[in-house]
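The chain contents come next:
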Amino acid sequence: MTDQVRGLRTRRTAAGLAALLGVLALGGCGIRPTQVPVDGGPAPSRVPCEVNGDDITQQSQSRDVPVRIYLVCASQLEPVDRTAEIPESKSVEGRVQVAQALLEELQREPSTAEREAGFATYVRGPIAVSGQRRSDPDGTLRLSRQPEDLPAAALAQIVCTFSESQASATGGAVILGGPGEYAPRGYGCSGKAKDRPEDVLPTVGPLPSPSRADGTAATSQAVPPGAGAALSTPRSGGPTTVE
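All figures in this text were calculated on a predicted structure; none of them were measured in a lab.

**Student:** Mind showing me how you'd approach the overall build of the protein here?
**Tutor:** Counting its regular elements, the protein contains 7 helices and 8 strands. Split into buried and exposed, the 243 residues of the protein put 34% on the buried side. In the protein, 62% of the contacts between residues at least 6 apart in sequence involve partners at least 24 apart. Per element, the accessible surface of the protein, about 14,700 Å² overall, is 53% carbon and sulfur.

Right under this line is the structure:
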């Protein structure tokens, strides 16, 4: 056997021992050797659902006042503080103006800071609001779109935003109607509505009576069994009534 052949065998043996020692070293460290790259996927992320107060200050204008609206974050409704131009009048006309200002905030795209915090809105415009009709329950707000035709999360945003403002009716209920002849319905912002805004929002009752001819509201009356269909019975496929 020549020296050249012996040298070749020696090198092969050394290479084999080195590979074996490498495998044993990996095993001793608890690392399983693999020949296929392992994709661990993206690192888990968590949205804070909270906006820095500095962003609110930058949005404010000279005549703006602090307002609170509800946006969707992590599949729930979460409050967001903004500023908007709100009239000081507490008249019926002033209440409609408050509702319109809040509705415009809900339709506005979230700011960069809000988007980075995970906020989104399901209220898509154009949607306007007007006051009640003569036969409507006192405190009714009429939307330019039928409320029950809106996405469930959008209606929940509107109701919860209105319920914590001057736009709400007596007792904190939010009474909404649409542009058509369907009777308005009362809605409430419950904890369940905030936790699961994608669910159909139930209606509440009884509703206040229509205003008298002198402009004062009549006393709210309980709806007797079978007599409240015009106020609380939903259209086919509409929300469930909760008494």
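**Student:** Where do I start with the state of the cysteines in this structure?
**Tutor:** Disulfide: a covalent bond connecting the sulfur atoms of a pair of cysteines. Counted under the stated rule, the structure contains 2 disulfides. Across a sulfur-sulfur distance of 2.0 Å, Cys49 and Cys73 are joined as a disulfide pair. Here Cys49 and Cys73 share a disulfide; its torsion about the S-S bond, -90 degrees, makes the bridge left-handed. One end of the pair, Cys49, is in the loop between helix H1 (3-28) and helix H2 (53-59); the other, Cys73, is in strand S1 (residues 65-73), and 24 residues separate them in sequence. Side by side, Cys49 and Cys73 carry an identical accessibility label, which is buried. With a sulfur-sulfur separation of 2.0 Å, Cys160 is cross-linked through a disulfide to Cys189.

**Student:** Sorry if this is basic, but what is going on with the pattern of salt bridges here?
**Tutor:** If charged atoms from side chains of opposite charge come close, those side chains can pair. Overall, the coordinates contain 10 salt bridges when judged by the stated rule. Close ionic contact of Glu105 with Arg82 constitutes a salt bridge, the shortest N to O distance being 3.1 Å. Taken together, the positions of Glu105 in helix H3 (residues 92-107) and Arg82 in strand S2 (residues 76-84) put the pair 23 residues apart, joining distant regions of the chain. Overall, the relative accessible area of 1% leaves Arg82 in the buried class. Arg124 is the partner of Glu109 in a salt bridge, and the nearest nitrogen-oxygen pair spans 2.9 Å. In this pair, Glu109 sits in the loop between H3 and helix H4 (112-116) while Arg124 sits in the loop between H4 and strand S3 (129-130), placing the two residues 15 residues apart along the sequence. With a relative accessible area of 48%, Glu109 lands in the partly exposed category. According to the relative accessible area criterion, Arg124 is partly exposed, its value standing at 46%.

**Student:** Whenever I open this one, the nonpolar core confuses me. Can you help?
**Tutor:** Nonpolar side chains tend to gather and get buried jointly when the protein is soluble and globular. Of all hydrophobic cores here, the largest spans 34 residues; its most connected members are Leu103, Leu141, Leu143, Ile158, Phe162 and Leu176. Contributions of two or more residues to this core are made by S1, S2, H3, strand S4 (141-143), helix H5 (152-163) and strand S5 (174-177). Leu77, Ala153, Ala156 and Cys160 belong to the second-largest nonpolar core, a separate cluster that totals 6 residues.

**Student:** Whenever I open this one, the pairing of S1 confuses me. Can you help?
**Tutor:** Along a regular strand, successive side chains alternate from one face of the sheet to the other. Across 9 bridges, the pairing between S1 and S2 is antiparallel. When the sheet's bridge partners are listed, Val72 is paired in S2 with Leu77. Where S1 hands over to S2, the hairpin turn is made up of 2 residues, of which Ala74 adopts a positive phi near 55 degrees.

**Student:** For this particular structure, what's the right way to read the side chain of Thr140?
**Tutor:** Position of Thr140 among the secondary structure elements: in the loop between S3 and S4. With relative accessibility at 0%, the residue Thr140 sits in the buried group. A polar contact is formed between the side chain of Thr140 and the backbone oxygen of Pro137, at a distance of 2.6 Å. Setting aside residues up to four positions removed in sequence, Thr140 forms contacts with Arg95, Gly131, Gln132, Ile175, Gly177 and Pro184.

**Student:** Teacher, can you tell me more about the confidence of the model for the protein here?
**Tutor:** Parts of the prediction with low pLDDT should not have their coordinates interpreted in detail. Summing up the model confidence of the protein, the mean pLDDT is 75 and the portion of residues at 70 or higher is 60%. Note that pLDDT drops below 50 for residues 36-45; the model gives that stretch 0 contacts with residues more than four away or on any other chain. A low-confidence stretch, residues 217-243 (pLDDT under 50), is modelled with 52 contacts involving residues beyond four sequence positions or located in other chains.

**Student:** Sorry if this is basic, but what is going on with the pairing of S5 here?
**Tutor:** Neither face of S5 is left uncovered, since the one carrying Val174 and Leu176 and the one carrying Ile175 and Gly177 both have all their residues buried. In this sheet, S5 lies alongside S4 in parallel orientation, the contact comprising 2 bridges. Bridged to Arg142 within S5 is Gly177. Pairing of S5 with strand S6 (residues 185-187), which is carried by 3 bridges, proceeds in the antiparallel orientation. Considered in S6, the bridge of Leu176 is made with Arg185.

The rules behind these values
- Residues numbered from 1 in each chain as written.
- Predicted model: local features only at pLDDT ≥ 70, side-chain atom pairs only at ≥ 80, totals over all residues.
- Heavy atoms only, no water.
- Helix = DSSP H or I, 4+ residues; strand = E, 2+ residues; numbered from the N terminus.
- Buried < 20%, exposed > 50% of the residue type's maximum accessible area, 1.4 Å probe, protein only.
- Contact = heavy atoms within 4.5 Å.
- Areas by Shrake-Rupley, 256 points an atom, 1.4 Å probe, with all protein chains shown as cover.
- Disulfide = S-S within 2.5 Å.
- Salt bridge = Lys/Arg side-chain N within 4 Å of Asp/Glu carboxyl O.
- Core = buried A, V, L, I, M, F, W, Y, C linked by side-chain atoms within 4.5 Å.
- Pairing = 2+ DSSP bridges.
- Polar contact = N/O pair within 3.5 Å; in protein donor to acceptor, adjacent residues only side chain to side chain.
- pLDDT = per-residue confidence, 0-100.

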